[in-house]
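Understanding the architecture of this molecule
The chain contents come next:
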Amino acid sequence: MPTLFQRIIAREIPARIEHEDDRCIVIHDIQPQAPVHLLIIPKQVIPRVGEATPAEEAVLGHLLVTASVVAKKLNLPRGFRLVINHGPDACESVSHLHVHLLAGRQLNWPPG
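Read on for an overview of the structure. The numbers attached to residues start from 1 for each chain and follow its sequence in the written order. Thresholds applied to this predicted model are a pLDDT of at least 70 for local features of residues and 80 or more for the giving and counting of side-chain atom pairs; totals over whole chains, interfaces and linings are not thresholded and use all residues. In computing side-chain values, all of the structure's heavy atoms are included and hydrogens and water are not.

**What about the nonpolar core?**
To define a nonpolar core, start from buried Ala, Val, Leu, Ile, Met, Phe, Trp, Tyr and Cys residues and group those joined through side-chain atoms within 4.5 Å. Whether a residue is buried, partly exposed or exposed follows from its accessible area with a 1.4 Å probe, protein chains only, as a fraction of its type maximum: under 20%, in between, or over 50%, in that order. By size, the foremost hydrophobic cluster in this structure holds 16 residues, and its most contacted members are V36, L38, I40, L63, L76 and L101. For the purposes of this entry, the term helix denotes a DSSP run of H or I that reaches at least four residues, the term strand denotes a run of E that reaches at least two, and both are numbered from the N terminus. If you list the elements that add at least two residues to this core, you get β2 (24-28), β3 (36-42), α2 (57-73) and β5 (99-103). Ranked by the residues each element gives to this core, the list is headed by α2, at five residues. Excluding residues within four positions of it along the chain, L63 makes contact with C24, I40, I41, P42, L97 and V99. Residue contacts follow a heavy-atom distance rule, with two residues in contact if any of their heavy atoms lie within 4.5 Å.

**Considering the pairing of β5**
Within β5, five of the five residues are buried, leaving the element largely enclosed by the surrounding structure. Residues of β5 alternate between two faces, with V99, L101 and A103 on one and H100 and L102 on the opposite face, all of them buried. A pair of strands is treated as paired once DSSP finds two or more bridges between them. Sheet analysis places β3 next to β5, joined by five bridges and oriented antiparallel. Of the residues in β5, the one forming a bridge with I40 is V99. Where strand β4 (residues 80-83) meets β5, four bridges bridge the pair, whose relative direction is antiparallel. Counted as the bridge partner of V83 is H100 from β5.

**Focus: the pattern of salt bridges**
Salt bridges, as used here, are contacts in which a Lys or Arg side-chain nitrogen is within 4 Å of a carboxyl oxygen on Asp or Glu. Taken as a whole, this structure holds six salt bridges when the rule is applied. For R7, the salt bridge identified is with E12, shortest N-O distance 3.2 Å. As a salt-bridge pair, E18 and K73 come within 3.2 Å of each other at their nearest N and O atoms. In this pair, E18 is assigned in strand β1 (residues 17-20) and K73 in helix α2, connecting sequence segments 55 residues apart. Take K73: its relative accessible area is 53%, and that puts it in the exposed class. One network of salt bridges, in which partners are shared, links R11, E20 and K43.

Next comes the structure, spelled out in structure tokens:
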């Protein structure tokens, strides 16, 4: 059964798309935790970051470069945070790796 993100990539479920290329899609989170809350999602399904293999290194790197490109596009000079959840204790909600980009307000530390 396709993940929620696979269905968004296939355009079966609508999403507000900020960026898309051949390897990933960037969408606005429907339950934002900051004024800017985007999800950077690889089109290749990797269930979670702890299950990534060396063969997926280029995809993982591309997600981080895409975060930088999108942050510049959105003019986030005061900074942003990237978060990747893994497993239930981290509040992982979809078993399809994705990177959260949060910005637009002072973020707290520690985050948990």
